[in-house]
Amino acid sequence: MDSLYEASFYKTLDNNRVQCRLCSKFCKINENKYGICKSRFNKEGKLYLDNYPKIASFNIDPIEKKPFYHFLPGSSTFSIGGFGCNFSCLNCQNYMLATNSYKNMESIKITPETIVKNAIDSGCRSIAWTYNEASLYFEFAQETSFIAKDYDLKNLYISNGYMSNESLLETLKFIDAFNIDLKSFNDDFYKKICSGSLDVVLDNLKTIYKAKNKYGTHLEITTLLIDDLNTNKEELNAICDFIASELGKEVPIHFSRFFPMNKMNDKSPTAISTLELAKEIAIDNGLEYVYLGNVQTDKNSYCPNCGNLLISRLTYCTQDKKRIKDGHCINCGHELNFILE
């Protein structure tokens, strides 16, 4: 085994057991065993990482692919992914990463300094922790982000939003932008499909949104729509009402199309009409920025006040951004929710 790196956020229990407190699963882990996420293990009554300094893959992506449409649009991000997850979603799109572990799969050793250098050399303006659950990389991401900030690189999490409150409060100090999956507005869906709880995600979304005042944190939300599971009008309305009333109407929402994957190969791809209905409901709830993903459709950004085209996009290629000046629409002066620099 490589040199051990002790984990943050855990407490010791009796009989050499530990309780991990990184996420809201709060796993109680016996000696020589792993937590649910397969990234932390108990050795002699201490909790150690199995994902430092290791990753499964990296790539240079358009930031819109994450998806972030309002944070450094048109830029590239240095994407990093690993193995393991604290959810077990039946519909997981990256299940080959999420369901495997470092002890069973080959990995890439890479230091925080090398990640930053590679990002800079590749012309990226940010580092994205993505592909599998980002929050499992807390210690690695934290160390990398402190180095990245010296070079004006931003740091991104693409996450299921299941962090414990104590780890989230620390994460907010170094992550600049979050895209959080709001998988459903039904707790039964979370329990049966994801093995999670809706309330945890809603509370964390509110915490992340409020962090904008203190840290300038940016938030976008993604909901993967699966026909007959999370797409009835009442639930779609509940999702949009939550964003409008508990967060802010300026928070971008991405409704993404499901394709058969993992343990849901028997399901059909989401009907285009379902995505269009979700967008209509979001607009009726006053949400200002609504996008559809995994489908060929209008991906442009428009001023929510005057309807002026702000940013034109062709797939992930962001083009003209000159219609936004000092955070406002150049046509009507409306304040916009975009971070361009």
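Structural data are supplied above this passage.
What you see is a predicted model; the values in this text were computed from it and never measured.

Here is what the cut-offs are and how they apply
- Once a new chain begins, its residue numbering starts again from 1 and follows that chain's sequence as written.
- Whole-chain, interface and lining totals are the exception, using all residues; otherwise, since this is a predicted model, local features are given only for residues with pLDDT of at least 70 and side-chain atom pairs are given and counted only at 80 or more.
- Based on all heavy atoms of the structure, the side-chain values leave hydrogens and waters out of the count.
- Labels follow the DSSP assignment, with helices taken as runs of H or I lasting at least four residues and strands as runs of E lasting at least two, numbered in each case from the N terminus.
- Every radius of gyration here is taken over C-alpha atoms, with the globule rule written as 2.2 Å times N^0.38, N being the number of residues.
- The protein chains shown are the only cover counted for residues, whose accessible areas, like all others here, come from Shrake-Rupley with a 1.4 Å probe.
- By the counting rule applied here, Lys and Arg register as positive and Asp and Glu as negative, while His and the ends of each chain are not counted.
- To locate a charge, take atom NZ for lysine, CZ for arginine, CG for aspartate or CD for glutamate.
- Centre distance within 6.5 Å is the pairing criterion for rings of Phe, Tyr and Trp, where only the six-membered ring of Trp is used; planes under 30 degrees apart are then read as stacked, over 60 as edge-to-face, and the remainder as tilted.
- Any residue under 20% of the maximum accessible area for its type is buried, any over 50% is exposed, and the rest in between are partly exposed; the area is computed with a 1.4 Å probe on protein chains only.
- For two strands to be treated as a pair, DSSP must find at least two bridges joining them.
- Buried residues of nine kinds, namely Ala, Val, Leu, Ile, Met, Phe, Trp, Tyr and Cys, make up a nonpolar core once their side-chain atoms join them within 4.5 Å.
- The criterion used for residue contact is that any of the two residues' heavy atoms lie within 4.5 Å.
- A helix is expected to span 1.5 Å for every residue after the first.
- Residues adjacent in sequence count toward polar contacts only when both atoms are side-chain atoms; beyond that, a polar contact is any pair of N or O atoms within 3.5 Å, and within protein one must be able to donate a hydrogen and the other to accept it.
- We define a salt bridge as a contact between a side-chain nitrogen of Lys or Arg and a carboxyl oxygen of Asp or Glu at a distance within 4 Å.
- In this description, a line fitted to the C-alpha atoms serves as the axis of each element, helices being fitted only across the stretch in contact, and the angle between N-to-C directions of two axes falls anywhere from 0 to 180 degrees.
- Every angle not falling under 35 degrees, over 145, or within 65 to 115 is termed oblique; those three ranges are roughly parallel, roughly antiparallel and roughly perpendicular.
- Note on convention: the crossing is left-handed when the near helix lies turned anticlockwise from the far helix by less than a right angle, right-handed when the turn is clockwise.
- Residues are grouped as follows: Ala, Val, Leu, Ile, Met, Phe, Trp, Tyr, Cys and Pro are nonpolar; Asp, Glu, Lys and Arg are charged; all remaining types, including Gly, are polar.

Digging into the overall build of the chain
So, step 1. On a plain count of helices and strands, the chain comes out with eight helices and 21 strands.
So, step 2. Taken over C-alpha atoms, the radius of gyration comes to 20 Å for the chain, in line with the 20 Å a tight globule of 341 residues would show.
So, step 3. With the principal axes as the frame, the chain shows a C-alpha extent of 65 × 45 × 35 Å.
So, step 4. Accessible area for the chain stands at about 14900 Å²; split by element, carbon and sulfur atoms hold 46% of it.
So, step 5. Here the chain carries 39 positive and 42 negative side-chain charges, and the mean point of each set is 3 Å from the other.

Considering unusual backbone geometry
So, step 1. At the junction of Y52 and P53, the peptide bond is cis and its omega measures out at -10° in the coordinates.
So, step 2. Going from K66 to P67, the amide bond is cis rather than trans, its omega being 0°.
So, step 3. One non-glycine residue, N15, lies in positive phi territory at about 55°.
So, step 4. Structurally, N15 is set in the loop between β1 (10-12) and β2 (18-20).
So, step 5. For S195, which is not glycine, the phi torsion reads 60° and is therefore positive.

Digging into the packing of aromatic side chains
So, step 1. If you walk through the whole model with that rule in mind, you get 19 aromatic pairs.
So, step 2. Look at Y34 and F41: their rings are 5.4 Å apart centre to centre, the planes differ by 40°, and that puts the pair in the tilted class.
So, step 3. Overall, the relative accessible area of 27% leaves Y34 in the partly exposed class.
So, step 4. Residue class for F41 comes out buried when judged on its relative accessible area of 5%.
So, step 5. Consider the rings of F83 and Y102, whose centres lie 5.1 Å apart with planes at 80°: the pair is edge-to-face. In this pair, F83 sits in the loop between β8 (76-81) and α1 (95-98) while Y102 sits in the loop between α1 and β9 (108-109), placing the two residues 19 residues apart along the sequence.

Observations concerning the sheet that holds strand β3 (residues 28-29)
Consider a sheet: its strands pair through backbone hydrogen bonds, and that pairing is either parallel or antiparallel.
So, step 1. The three strands lie next to each other as β1-β2-β3, forming an open sheet whose pairing is antiparallel. Each of the sheet's edge strands pairs with one partner strand only, and the pair in question is β1 and β3.
So, step 2. Relative to β2, β1 is paired through three bridges, and the arrangement is antiparallel. Bridge assignment links T12 to a residue of β2, and that residue is V18.

Quick look at the nonpolar core
So, step 1. Ranked by internal contacts, the top residues of the largest apolar core, which has 86 residues, are W129, F178 and F255.
So, step 2. Excluding its chain neighbours within four sequence positions, the residues that come into contact with F255 are T223, L225, L236, C240, L275, A278, K279, A282, V290, Y291, L292 and G293.
So, step 3. Ranked by size, the runner-up nonpolar core spans eleven residues in total, among them Y291, I311, I324 and L340.

Focus: the side chain of D227
So, step 1. Position of D227 relative to the elements: it lies in the loop between β13 (218-225) and α7 (233-247).
So, step 2. Among all residues touching D227, those that are not within four sequence positions of it are K267, P269, T270, A271 and T274.

Focus on α7
So, step 1. The terminal C-alpha atoms of α7, which comprises 15 residues, lie 20 Å apart, in line with the 21 Å expected from a rise of 1.5 Å per residue.
So, step 2. Of the positions making up α7, those classed as buried are E235, L236, I239, C240, F242, I243, A244 and L247.
So, step 3. Those residues of α7 hidden inside the fold are in contact with α6 (198-215), β13, β14 (253-257) and α8 (272-284).
So, step 4. Near the N-terminus of α7, the side chain that reaches the backbone nitrogen of E234, with its oxygen 3.1 Å away, is that of N232.

Considerations on the pattern of salt bridges
So, step 1. Going through the model one piece at a time under the given rule, you end up with twelve salt bridges.
So, step 2. Between K117 and D121 there is a salt bridge whose closest N-O contact spans 2.6 Å. One end of the pair is K117 and the other is D121, both in helix α2 (residues 112-121) and four residues apart, which spans about a single turn.
So, step 3. Here D121 falls in the exposed class, since its relative accessible area comes to 54%.
So, step 4. With its nearest N and O atoms 2.1 Å apart, the salt bridge here joins D187 to K191. Of this pair, D187 and K191 both sit in helix α5 (residues 187-194), four residues apart, which is roughly one turn of that helix.
So, step 5. Residue D187 is classed as partly exposed on the basis of its relative accessible area of 26%.
So, step 6. For K191, a relative accessible area of 47% corresponds to the partly exposed category.

Some details on the packing of α6 against α7
So, step 1. Running from N to C, α6 and α7 point in directions that differ by 40°, and their axes come no closer than 11 Å. With respect to their mutual orientation, α6 and α7 come out oblique. Remark: the crossing between α6 and α7 carries right-handed chirality. Residue-level contacts link L202, L205, K206 and Y209 of α6 to F242, E246 and L247 of α7.
So, step 2. Its residues assigned to classes, the contact of α6 with α7 comprises five nonpolar, no polar and two charged.

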